[in-house]
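Fold and geometry: a report
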Amino acid sequence: MRFLLVALVLFGLFLFLRWQYRQSPRRLYQWLAGLAGIGLIAMVLTGRAHWIVAVVGGILPFLGKAAILLRWLPFLSWARRAFGSSAIHLQTAWLDLTIDRRTGTMDGTIRQGEFAGQKLSQLSLSQLEKLLQACTSDLQSAALLRAYLQRTQTGWQAGETSGGGSTDDFEEAAMSAETAAQILGVSLQAPESEIRSAHRALAQKLHPDRGGNDYLTRKINQARDILIKRHQTR
């Protein structure tokens, strides 16, 4: 019972620290330094601190600077993407689409119409094409559904009867910096080099030659441009 309680506390602490990191890496470093300080005080009060006090006391003043330096290490960038959310979420009037950032696997929930509430993966090809016909008037939804079909249905091509069209016939929907960061799997404070690296890795997975399409390519390009512009204007 005690082990389970400790495990739950540690898991809750992990979730809290991960949330803090997504909000602000600097705030996370402050929390870690604070927790280290509380632990040190507890050790002193219980008489368990000996030479550790001197060592930890000497290290604490440098934790802030060390944390700033660590953010540039490739390993930390990898860990941020590996332990952060692996899913990209794209929403239109008709669809909530999820793309696994690591594998490129796609699925989504239908928001309206005859198949509302069902997963795209639950529908047959004929039902998916019927859905495409229904949502053709919403160009964003149609483009996203065509991306799903091209990704999951080998050899599928949009035709005149299946809502085919070009993603060039509409303006790109506005995207917030938070959404852009979520798509690329980086923090809002990520340096330009990390933004470009994350974009490059995602672009390779969702390239039209690998089952993606021009719409998805435009989305991740838009996310990159928004974050780089934000980084350069800070």
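The residue numbers shown here count from 1 along each chain, following its written sequence. Owing to the predicted nature of the model, reporting of local features is limited to residues with pLDDT of at least 70; listing and counting of side-chain atom pairs is limited to 80 or more, with chain, interface and lining totals taken over all residues. Neither water nor hydrogens contribute to the side-chain values; these are computed over all heavy atoms in the structure.

Another aspect to go through is the overall build of the protein chain. In terms of helices and strands, the protein chain carries 10 helices and 3 strands. Counting from the amino terminus, helix and strand elements in the protein chain follow one another as α-α-α-α-α-β-β-β-α-α-α-α-α. A separation threshold of at least 6 residues defines the contact pool for the protein chain, and within that pool the share at least 24 residues apart is 54%. The accessible surface values rely on the Shrake-Rupley method and a 1.4 Å probe; as for residues, cover is taken only from the protein chains in view. Surface summary for the protein chain: the accessible area is close to 14000 Å², and the carbon and sulfur share equals 60%. To qualify as a helix, a DSSP run of H or I must reach at least 4 residues; to qualify as a strand, a run of E must reach at least 2; elements of each kind are numbered from the N terminus. What makes two residues a contact is simply this: any of their non-hydrogen atoms within 4.5 Å.

Classification of residues uses two cut-offs on accessible area relative to the type maximum, computed with a 1.4 Å probe and protein chains only: under 20% is buried, over 50% is exposed, and between them is partly exposed. Of the positions making up helix 8 (residues 177–184), those classed as buried are Ala-177, Ala-180, Ala-181, Ile-183 and Leu-184. Down the axis of helix 8, the sector holding all buried residues measures 160°, keeping them to one side. Where helix 8 is buried, its residues touch strand 1 (87–91), helix 9 (192–205) and helix 10 (214–232). The first or second residue beyond helix 8 is Gly-185, which carries a positive phi of 75°. Our arc is simply the arc of the directions from the helix axis toward the C-beta atoms.

For strand 1 and strand 2 (residues 95–100), the ladder comprises 5 bridges, and the chain directions are antiparallel. Looking across to strand 2, one finds that Ala-87 is bridged to Asp-100. Here strand 1 folds back onto strand 2, and the loop between the two strands holds 3 residues. By definition, two strands form a pair when at least two bridges between them are found by DSSP.

Our focus in this paragraph is the pattern of salt bridges. Counted as salt bridges are all cases of a side-chain nitrogen of Lys or Arg within 4 Å of a carboxyl oxygen of Asp or Glu. Summed over all chains, the structure comprises 4 salt bridges. Ionic pairing is found between Lys-130 and Glu-114, a salt bridge with its closest N-O pair at 3.0 Å. Taken together, the residues Lys-130 in helix 6 (residues 125–134) and Glu-114 in the loop between strand 3 (106–110) and helix 6 connect sequence positions 16 residues apart. Assessed through its relative accessible area of 46%, Lys-130 is described here as partly exposed. The shortest N-O distance in the salt bridge between Asp-225 and Arg-224 comes to 3.0 Å.

Detailed conclusions should not be drawn from predicted coordinates in areas where pLDDT is low. For the protein chain, the mean per-residue pLDDT works out to 76, and 65% of the residues sit at or above 70. Every residue in residues 69–84 is under pLDDT 50, and counting partners more than four places away or in other chains gives 25 contacts. Low pLDDT, under 50, characterises residues 160–170; the stretch is placed with 24 contacts to residues that sit more than four places away or in other chains. What pLDDT expresses is the predictor's confidence in each residue, scored from 0 to 100.

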